[in-house]
Amino acid sequence: MKAVCIDSSDKPSKIPQNEWITEGETYTITRIVRMGLEKNKFGVLLKEVQLSSQSFPYELYDAARFLPLDILANIKEEEVTVKEADLELI
């Protein structure tokens, strides 16, 4: 699943910069995992960048930092529809 990073703020100091995500970049989510210690929270593994043992105890990126492209496409379609409807009212 492709997703765009919508939040790369607050990088934990233990994670090296070369293992961190970039806001606005598109990533491929290869796995979604329920985070065991944090209730109702999910983490993701990415194809393009991975967390190594240097990032311990971090093993996953918070899923809330990403927006799947299919959802983003639907949002953009709705914006276009609204704009077209607004133009018809003029």
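Further up the page is the structure itself.
The paragraphs below set out a description of the structure included in this document. (Residues numbered from 1 in each chain as written. Predicted model: local features only at pLDDT ≥ 70, side-chain atom pairs only at ≥ 80, totals over all residues. Heavy atoms only, no water.)

## Topic: the sheet that holds strand β5 (residues 66–68)
Read across the open sheet, the 5 strands follow the order β4-β3-β2-β1-β5; overall the sheet is antiparallel. Lying at the two open borders of the sheet, with one neighbouring strand each, are β4 (61–62) and β5. In this structure, strand β1 (residues 2–5) lies alongside strand β2 (residues 26–34), joined through 3 bridges in antiparallel fashion. Bridge pairing links Val4 to Thr26 in β2. (Pairing = 2+ DSSP bridges. Helix = DSSP H or I, 4+ residues; strand = E, 2+ residues; numbered from the N terminus.)

## A word on the packing of aromatic side chains
Within the structure shown, the criterion is met by 2 aromatic pairs. Ring geometry for Trp20 versus Tyr61: centroids 6.1 Å apart, planes at 50°, classification tilted. Of this pair, Trp20 sits in the loop between β1 and β2 while Tyr61 is found in strand β4, placing the two residues 41 residues apart along the sequence. Assigned by exposure class, Trp20 and Tyr61 land together as buried. Seen in terms of ring centroids, Tyr27 and Phe66 are 5.9 Å apart; in terms of plane orientation they differ by 85°. Their pairing is edge-to-face. In this pair, Tyr27 is assigned in strand β2 and Phe66 in strand β5, connecting sequence segments 39 residues apart. For Tyr27, a relative accessible area of 7% puts it in the buried group. When its relative accessible area of 7% is taken as the criterion, Phe66 is described as buried. (Phe/Tyr/Trp six-rings, centres within 6.5 Å; stacked < 30°, edge-to-face > 60°. Buried < 20%, exposed > 50% of the residue type's maximum accessible area, 1.4 Å probe, protein only.)

## Considerations on the pairing of β2
With 5 bridges connecting them, β2 and strand β3 (residues 42–46) associate as antiparallel partners. Within β3, the residue paired with Ile29 across the bridge is Leu46.

## Comments concerning the nonpolar core
What tends to happen in soluble globular proteins is that the nonpolar side chains get buried as a cluster. Within the largest apolar cluster, 13 residues are counted, with the highest numbers of intra-cluster contacts made by Ile21, Tyr27, Val44, Leu46, Val49, Tyr61 and Phe66. At the level of elements, β1, β2 and β3 are the ones that each hand at least two residues to this core. Residues in contact with Tyr61, not counting those within four places in the same chain, are Glu19, Trp20, Ile21, Met35, Phe42, Gly43, Val44, Leu46, Val49, Gln50, Leu51 and Phe66. (Core = buried A, V, L, I, M, F, W, Y, C linked by side-chain atoms within 4.5 Å. Contact = heavy atoms within 4.5 Å.)

## Structural notes on unusual backbone geometry
Most peptide bonds take the trans form, and the phi angle of most residues other than glycine is negative. Here the bond from Phe56 into Pro57 is cis, since omega is 15°, no more than 30 degrees from zero. The phi angle at Asp10 is positive, at roughly 55°, despite the residue not being glycine. The topology assignment puts Asp10 in the loop between β1 and β2. Of the residues examined, Asp10 reaches a relative accessible area of 67% and is grouped as exposed.

## Side note on the pattern of salt bridges
Inspection of the entire model under this criterion finds 2 salt bridges. Here Asp7 ties to Arg65 by a salt bridge, and the two come within 3.8 Å at their closest N and O atoms. With Asp7 in the loop between β1 and β2 and Arg65 in the loop between β4 and β5, this residue pair connects regions lying 58 residues apart in the sequence. Its relative accessible area of 13% is what places Arg65 among the buried residues. (Salt bridge = Lys/Arg side-chain N within 4 Å of Asp/Glu carboxyl O.)

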